[in-house]
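# Structural characterization, general
Below, each chain spelled out in residue letters.
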Amino acid sequence: MWINFLWALVPIIWLIISLGIIGMPASRACTIGLIITIADAVLMFKQPIINTLSGALEGIIMGIWPIMYVILAALFVYQITTDSGSMETIEKLLSSITTDKRILVLIIAWGFGGFLESIAGFGTAVAICAGILISLGLEPIQASVICLVANSTATAFGAIGLPVLTLAEVTNLNDVQLGFIVTLQLVILVILVPFILVVLTGKSIKALKGIVFITLMSGVGMAIPQVIIAKFTGAELPALVGSLFSILVTVWLTKRKTGSVEEVENESVGEIIKACSPFILVFIFVLLASSLCPPVNNFLTSVTTHLHVYLGKNPNDLPINWLSSPGTLILLAGIIGGKIQGLSLSQMFKILLNVLKTIGMTTITVCAIVGLAKVMVYAGMTKALAVALVSLLGPAYPLFAPLIGALGTFLTGSATSANVLFGNLQYSAAQSLGVSKYWIVASNMTGATAGMLSPQNIAVATGAINKEGLEGKILKETTKWGSIYLLITCVFLYLVGLITKLV
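Cut-offs and rules
Residues numbered from 1 in each chain as written. Predicted model: local features only at pLDDT ≥ 70, side-chain atom pairs only at ≥ 80, totals over all residues. Heavy atoms only, no water. Helix = DSSP H or I, 4+ residues; strand = E, 2+ residues; numbered from the N terminus. Buried < 20%, exposed > 50% of the residue type's maximum accessible area, 1.4 Å probe, protein only. Contact = heavy atoms within 4.5 Å. Polar contact = N/O pair within 3.5 Å; in protein donor to acceptor, adjacent residues only side chain to side chain. Salt bridge = Lys/Arg side-chain N within 4 Å of Asp/Glu carboxyl O. Pairing = 2+ DSSP bridges. Expected span 1.5 Å × (residues − 1). Bend = angle between axes of the 7 residues up to and from the residue. Patch = residues over 30% accessible without salt bridge, like charges linked within 9 Å, V, L, I, M, F, W, Y side chains within 5 Å. Areas by Shrake-Rupley, 256 points an atom, 1.4 Å probe, with all protein chains shown as cover. Disulfide = S-S within 2.5 Å.

## Considering the side chain of Gln47
Relative to the helices and strands, Gln47 is located in the loop between helix 2 (26-43) and helix 3 (49-83). On the basis of relative accessible area, Gln47 is assigned to the buried category, the value being 11%. Every residue in contact with Gln47, bar those within four places of it in the chain, is listed here: Ala41, Val42, Thr52, Tyr310, Tyr378 and Ala379.

What follows is the structure, encoded as structure tokens:
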């Protein structure tokens, strides 16, 4: 068992060294990592080479669809809004609320980012919000780190609750109860993250001066609605409702602190709606296409191609959702929004081609890291890591349970995939230890929200700000905050579990 554990660590150690220490470009580091993982699977885990290569191919396809497709669509929407001049209107609107970058970060990266994550997921919030923050004067690396840290707690209920719903499905637990437990576990983090964002914006803890209460309420305004919504409706809406409440609370308190919000100079309500039309349409389309609107959802999801790429035993079904994919919905919203903003189809096509040219290295990185993760799963490498951890930790396992979820996100860049990888392991560990299944399984989800540590998500950020090659620099910064995030998560969940006799 321990030999397999050590060999399974090799790809992870390579990624840490190549990205975090050497500072190698992620496209090269992850490609080499994929090759190392394939060799490891074939030579040490005795996985047939045809199965290993087909597993890698499945991951590469997943990297393209839906992940890179969503990133392409999100950047397309942002670039359309910029080229049409509408981004200037949005910037004026935000500046009319406040010119304080700390509060703008709370509104955009935390509130609006949480909203985008809740309806689309797959890195949309990082890709769009980083661009907006840069346009408002933040440094590109600073903006990407802020958005990566902000895009944490909301991922539990991203893409209309997909990660929690998936976790409930793979563990056969009640999704409403599981979602409610997840919101309880996330409360402390939802309140603390806005403070981290303000510190990152001002590059000092002194940046909190004068806005401590607004920062606190920006988190509380998201946390309380999430708990209430999850308790009574389930996993689909907590992040969506919480993020909207957070925006409203933050804007209202800012208005009370500074006086009346100024009118946006020379811009009517109609012009503001026109400028925001792509984002409004993204919200409407994704909401209509979700499980909250069954007739539309059933029609869109019926247009799906099911692929079986992996040639070994128990292959995963790889659905290509042509119409219901967030990428398709965001792309359609961008085209219609672009027409509303006065762009021609030929102009938008040129914009799309230009965006496509800028994401080449990001595409290689994402495809390589998802391919690597798939090979590790099919070869039994991820299972070897998890089983060894359970054996090693014993009764102390609940303290470290969130780290296993974080490991899943580190490997795949997806909270949903982390739940698929380790959900049943957490369930089995809870059974063998005689502790609460809901609490331990939910811990996997809570730990998996530490997406700021994932090379894949960092690649999304560098692609969004057009800074490929700086992934290692961003990883060093996010590792510091991600470590604090996970330390708080592990200690808080363990202590609460002990007090409530859940662990």
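Next comes the rest of the account.
## With respect to the side chain of Ser18
Along the polypeptide, Ser18 turns up in helix 1 (residues 2-22). A distance of 2.7 Å separates a polar side-chain atom of Ser18 from the backbone oxygen of Trp14. A distance of 3.4 Å separates a polar side-chain atom of Ser18 from the backbone oxygen of Leu15. With sequence-adjacent residues up to four places away left out, Ser18 is seen in contact with Gly23, Met24 and Ala29.

## Observations regarding the pattern of salt bridges
A full pass over the atoms with the stated rule returns 4 salt bridges. Asp100 serves as the salt-bridge partner of Arg102, at 2.6 Å between the closest nitrogen and oxygen. In this structure, Lys203 engages Glu139 in a salt bridge whose closest nitrogen and oxygen atoms are separated by 3.0 Å. Separated by 64 residues along the polypeptide, Lys203 in the loop between helix 9 (175-202) and helix 10 (212-233) and Glu139 in the loop between helix 6 (124-135) and helix 7 (140-150) bring together distant segments of the chain. Residue classification places Lys203 among the exposed positions, given a relative accessible area of 57%.

## A short note on the pairing of strand 2 (residues 318-321)
Of the two faces of strand 2, the one holding Leu318 and Ile320 is buried and the one holding Pro319 and Asn321 is not buried anywhere. Where strand 1 (residues 304-307) meets strand 2, 4 bridges bridge the pair, whose relative direction is antiparallel. Its bridge partner lying in strand 2, Leu307 is registered against Leu318.

## Observations concerning helix 5 (residues 101-119)
With 19 residues, helix 5 should reach 27 Å at 1.5 Å per residue; the first-to-last C-alpha distance of 25 Å fits that figure. Of all the bends in helix 5, the greatest measures close to 30° and is centred on Gly113. Of all 19 residues that make up helix 5, 18 are buried, and the element is covered over most of its length.

## Topic: a nonpolar patch on the surface
Taken together, Val269, Ile273, Ile280, Ile284, Leu288 and Val296 make up a surface patch of nonpolar side chains, about 480 Å² in accessible area. In terms of residue count, helix 12 (residues 269-289) provides more of the nonpolar patch than any other element does, 5 residues in total. According to the relative accessible area criterion, Val269 is exposed, its value standing at 63%.

## Brief notes about the state of the cysteines
Counted under the stated rule, the structure contains 0 disulfides. Not part of a disulfide, Cys147 finds its nearest cysteine sulfur in Cys129, a span of 5.3 Å. Relative accessible area serves as the criterion here: at 3%, Cys147 is assigned to the buried category. With no disulfide of its own, Cys276 lies 13 Å from the sulfur of Cys129, the closest cysteine sulfur.

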